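Listed here are the chains, written in short residue letters.
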Amino acid sequence: DDAPPAKATALSFAAVAKTHADKVTVPAGYQVSILHALGDPMQFGDASWSDKGTETAESYDRRIGDGHDGMYFFGMKDGKFDAGTSASGLLCVNHEYVVQPYGLHPAGSTTVDGKRPADEVEKEIRAHGASVVEVKRKASGTDMEMVRGSKYNRRITSATEMAFGGPATGSAKLVNKLSPTGTQAFGMNNNCACGYTPWGTYLTCEENFLNVIGRAAGDDAQRSATEIVALKRYGLPEGRKNPYGWDTPEGEQYQRWNSKVSAGSAPQDYRNIFNTFGWVVEIDPFRPDSKPVKRSALGRFNHEGAWPAPAKAGEPIVIYSGDDARNEYVYKFVSDAKWDPKDVNGGAAVGAKYLDKGTLYVAKFNNDGSGEWLELTFGKNGIDAANKIYPFADQADVLIHCRLAADSRGATKMDRPEWGGVNPLNGEVYMTMTNNSQRDGTKVPLDAANPRKGNQNGHIVRWKEEGSQAGTKFKWDVYLFGARADGKQSENLSGLTDVNDFSSPDGLYFDQRAAGAGGLLWIQTDDGAYTDVTNCMMLAALPGRVGDGGAAKTKEGQATIMGAKPTDATVRRFLVGPFDCEITGVVVTPDGKTLFFNVQHPGEAAADFATNTFTSHWPGNQAPASDTAHAGHKRPRSATVVVTRTDGGVIGI
Ligand code: FEO
Ligand code: CA
Ligand code: CA
Ligand code: CA
C-alpha cells in the first residue's frame, strides 16, 4: 500500500478558520501527534526533558536541537534510500537557531560583565545544526514515531567538522587557524530550509549566519579596501558585536566566533572564518559516520534552501536557491554531469560528481514577463580582476562573494526570497517572496516582479523555463499576492477571502503526488503582520500554470503580471499553529498519508521563568497524557508534528 494516490482535482477538507488558539488546529477528520521537540533524547541513557533547562551542554550531542525548520523524509528499505517507501525512513530536520531566553537554560540566557558563561554557549552551539532520526509508522495506522536508539540517529551542530567541496575548496579566502589548507569547516550555522538529492542525501542551508559572528572594532585598519567591500556587502562592518556573544567566554576556542585579523599571517587567525559560513551543506543520512560537505559551487549568501527540479536521466541536476535578505537575488545551479539513475545511494563521490562542477546563474525578471539567467563565471561578462564593483581573483572568489558578482550582472533585487519548489508535473518553479519593508518605491523602486510598496504581506513568484529546465530564459508571473481579506495592509490583488487569506509566505513545498493541473502545493507562513488576527498557518493549493492570468496594475500604478485569481476551491487554509510561532518545514510520505511539519519558536515573545509564565505552553498543552515525553510541560518548545487522517486516508485531496 505504498503506491501513490490517484490523481485528484479537489481539496477535500474544510478550511480551518484563523485563530489565536495556543495549539495546532487541523480540519475535522485529521489528527496530530508530536514526533520530537527541543531536548528530546535520541538515544537511550539520557534523561527525558526536565522542563527546567538543566540538561547538560554535552547531552545536546544526543538531543533534538532547537528551532526546527526545513526538513525532508527519505524512505528507507533494507537500510538504503528508497523514494517509494512510506512506512519507514530517515527524517532530517534543521535546527535553525536557539531562542536564547527559552528552554535551553534554567532562567534564560545570561551575560556577566559582558561575558557569556561558557557552559551556556556550549549548549547553544550544540542545539544548532540538524538532526537525523529514524522514523517508522506506529503499529496501527499512518501516524509515525521516532525510533529512539537507532544507529542512524545523529546530530550535526555548530561544532561538527565538515569538508569543503567544489571550486572554493582550498581558497586562500577560506584559510583559517582551524583549517590552514582552507579545505575544512567547523560547524554549520542557522540552517534554515533545505533540499534533497535524487541520490538520497539531504541539503541543508546556512542562512542568518551573521547571528553567530562578530568583528572587532578597529579591524578595518588591518584589511585591504577589497576585503572591506566584501565584508560590508555581506553585512559585517567592523565593531559589530556577535549577537549571541559566543566570542565572549574565556578561552581560545571561542575566538573563532569573531572574524578579525590577529597578529601573524592568515592561517594563524580567524580573519576568514566568516567566509566558511553561508553555504549549502550535503549530509548523507544513510551513512551516520559520513562527514558533511559544504558544496561551494552553489554559492555563498543567506541561503534559505536548495530546491531541486525532478531529476531526469541524461539531463543535468538543476537546483534553485534564494538569498533571504531584503533586495537580494534568486539563483540557479546547473550541474555539468548528466543524471544517471544508477547513482542512487552512491554516497559522497556521487555528491561531488553532481554538485562540485557546474554553472551558477542569477535571475533577472524583466517587466514584460520574460526573464533570463545571468551566468556567474570568472572571466566572463566582466567578472574578473578589472571589475569596478569588486576585483574578482578567481572562481572561488566569485562563489564566496557571489552577491557582488550578481550586482555586477544587474540581477533583479527581490522582496526576500524564501522557499522554492518545482511542480513535478510540469517543471514550473514557485518561490515565496516573504515581505520587504525596504521596497519604498523610491530608494528601492517598484518593478513588475516586486510591484507593491512596503510589501507587508509578501507574494509568490513562479516561472517556466524555456526549452529545458537548464535553459537560460524563462517566462514568469506572480502566482499569489499575500494579503488580509480586509485589505488593511498590502493590496488584495489576488482577491483572497477568509478561507485562504495569508501574510508572509515562507515555507513552500510540492508534494510528489499528482493533483489537478499541478502537484499539490503547501504554503506556510512566518508572519508578524497579520498576527493581530491569527497565528501562523499552512495552506494547501491546486496551482494553475504560468500565464493563466494576465496583465494587472497595483494601486501605486506599477504594472505587473499575475496568475489566474485563486478561488476557495483552489487555495484553502489547512492548519493554524500555536501562539507566537512560525510554521515551517513540510514533507509528505510518497503514499500521501503522513505529513510532517514544524512549529518553530512558539511563545517566543515573553517569559517569566519564576512563575513558568509564557505566551505559549505548546506542545505540553496539546500532547495527550499518553505522550509522556511532552504532556503537561510548561516551557514552549519547537517541535516536529505528524498529521494524519483519522481514517488513514490520503491527506488534503
Ligand atoms: Fe530562516 Fe528566511 O527563513
Ligand atoms: Ca525561522
Ligand atoms: Ca524561512
Ligand atoms: Ca521568514
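Residues numbered from 1 in each chain as written. Chains lettered and ligands numbered in written order. Predicted model: local features only at pLDDT ≥ 70, side-chain atom pairs only at ≥ 80, totals over all residues.

Enquirer: For this particular structure, what's the right way to read the overall build of the chain?
Expert: Regarding its fold elements, the chain presents five helices and 35 strands. Against the 2.2 N^0.38 benchmark of 26 Å for 653 residues, the chain shows a C-alpha radius of gyration of 23 Å, consistent with a compact globule. Each principal axis of the C-alpha atoms in the chain carries an extent, and together these give about 65 × 60 × 50 Å. Taking all 653 residues of the chain together, the buried fraction comes to 58%. Taking as baseline every contact in the chain between residues at least 6 positions apart, the subset at least 24 positions apart corresponds to 66%. (Helix = DSSP H or I, 4+ residues; strand = E, 2+ residues; numbered from the N terminus. Rg over C-alpha atoms; globule rule 2.2 N^0.38 Å. Buried ≥ 20, exposed ≤ 12 C-beta atoms within 10 Å, placed from the backbone. Contact = placed C-beta atoms within 7 Å.)

Enquirer: I tried to follow the nonpolar core on my own but got confused; where do I start?
Expert: Note that soluble globular proteins tend to have their nonpolar side chains buried in a common cluster. Counting 169 residues, the largest nonpolar core has Cys92, Met538, Phe596 and Val641 as its most contacted members. If one sorts the elements of this core by residue count, strand β24 (residues 473–481) sits on top with six residues. Those residues in contact with Met538 that sit more than four places away from it in its chain are Trp522, Ile523, Gln524, Phe574, Leu575, Ile583, Val586 and Phe597. Within the second largest apolar cluster, nine residues are counted, among which are Val98, Tyr102, Leu104 and Ala607. (Core = buried A, V, L, I, M, F, W, Y, C linked by C-beta atoms within 7 Å.)

Enquirer: Please explain the sheet that holds strand β32 (residues 595–600) as it appears in this structure.
Expert: The strands making up a sheet associate through hydrogen bonds between their backbones, and the pairing can be parallel or antiparallel. With antiparallel pairing, four strands are arranged side by side in an open sheet as β1-β35-β32-β31. Either end of the sheet is taken by a strand with one partner, and the two such strands are β1 (30–37) and β31 (582–588). Each adjacent strand pair in this sheet contributes to an overall mean axis angle of 25 degrees, direction not counted. (Pairing = 2+ DSSP bridges. Axes fitted to C-alpha atoms, helices over the stretch in contact; angles between N-to-C directions.)

Enquirer: I'm lost on the pairing of strand β12 (residues 280–283) in this one. Help?
Expert: A regular strand places its side chains so that they alternate between the two faces of the sheet. Of the two faces of β12, the one lined by Val280 and Glu282 and the one lined by Val281 and Ile283 are each fully buried. Summarising the sheet, strand β11 (residues 202–206) and β12 pair through four bridges and their orientation is antiparallel. Note on β12: the bridge partner recorded for Tyr202 is Ile283. Pairing between β12 and strand β13 (residues 293–295): two bridges, direction antiparallel. Looking at β13, one finds that Glu282 is bridged to Val293.

Enquirer: Any chance you could explain the pairing of β24 here in plain terms?
Expert: Of all nine residues in β24, seven are buried; the element is thus mostly enclosed. As judged from the three bridges shared by strand β19 (residues 370–375) and β24, these two strands associate in the antiparallel manner. Its bridge partner lying in β24, Glu372 is registered against Lys473. In this sheet, β24 lies alongside strand β23 (residues 459–465) in antiparallel orientation, the contact comprising seven bridges. Each bridged residue has a counterpart across the sheet, and for Arg462 the counterpart in β24 is Asp477.

Enquirer: Explain the sheet that holds β11 to me, please; I cannot follow it from the model alone.
Expert: Judged by pairing direction, the sheet is mixed, and its six strands sit side by side in the order β9-β8-β13-β12-β11-β10 without closing on themselves. Of all strands in the sheet, those with a lone pairing partner are β9 (184–186) and β10 (191–196), marking the two edges. Along the sheet, successive strands turn relative to each other by an average axial angle of 35 degrees, direction set aside. Together, β8 (161–165), β12 and β13 form the strand contacts of helix α3 (residues 348–355), whose direction differs from that of β13 by roughly 10 degrees.

Enquirer: Teacher, can you tell me more about α3 here?
Expert: In an α-helix, one full turn covers 3.6 residues, which means residues spaced three or four apart are oriented alike. Within α3, the full set of buried residues consists of Val350, Gly351, Tyr354 and Leu355. Projected down its long axis, α3 shows its buried positions confined to an angular sector of 105 degrees, all on one face. Against β8, β12, β13, β15 (316–322) and β17 (330–338) lie the buried residues of α3. (Arc of directions from axis to C-beta.)

Enquirer: What is the right way to read helix α5 (residues 402–409) from this model?
Expert: For α5, every residue scored as buried is listed here: Cys402, Arg403, Leu404, Ala405 and Ala406. After α5 finishes, the residue Gly410 shows a positive phi value of roughly 75 degrees.

Enquirer: Mind showing me how you'd approach unusual backbone geometry here?
Expert: What you tend to see is this: most non-glycine residues have negative phi, and most peptide bonds are trans. Along the chain, Trp618 connects to Pro619 via a cis peptide bond; the corresponding omega equals 5 degrees. The topology assignment puts Pro619 in the loop between β34 (613–614) and β35 (639–645). Of note in this structure, Asn190 is not a glycine but carries a positive phi near 55 degrees. Unlike most non-glycine residues, Arg416 shows phi in positive territory, near 65 degrees. On the secondary structure map, Arg416 appears in the loop between β20 (414–415) and β21 (417–422).

Enquirer: Mind showing me how you'd approach the environment of Val586 here?
Expert: Residue position: Val586 is located in strand β31. In this structure, Val586 is in contact with Gly507, Tyr509, Trp522, Gln524, Met538, Leu595, Phe596 and Phe597, ignoring residues within four places of it in sequence.

Enquirer: Whenever I open this one, the confidence of the model for the chain confuses me. Can you help?
Expert: Any region with low pLDDT has predicted coordinates that should not be read closely. Confidence in the prediction of the chain, expressed as mean pLDDT, is 95, and 98% of residues score 70 or more. Counted against residues more than four places away or in other chains, residues 514–518, with its pLDDT under 50, gives 18 contacts. Interface confidence in the predicted complex, given as ipTM, is 0.97; pTM for the same model is 0.97. (pLDDT = per-residue confidence, 0-100.)

Enquirer: What is the right way to read the environment of Lys475 from this model?
Expert: On the secondary structure map, Lys475 appears in strand β24. Judged by local crowding, Lys475 falls into the partly exposed class, with 18 C-beta atoms found within 10 Å. Distance in space between the C-alpha atoms of Lys475 and Glu465 is 6.6 Å, their sequence separation being 10 residues. In this view, Lys475 contacts Gly369, Ser370, Trp463, Lys464, Val546 and Gly547; residues no more than four positions away in its chain are not counted.

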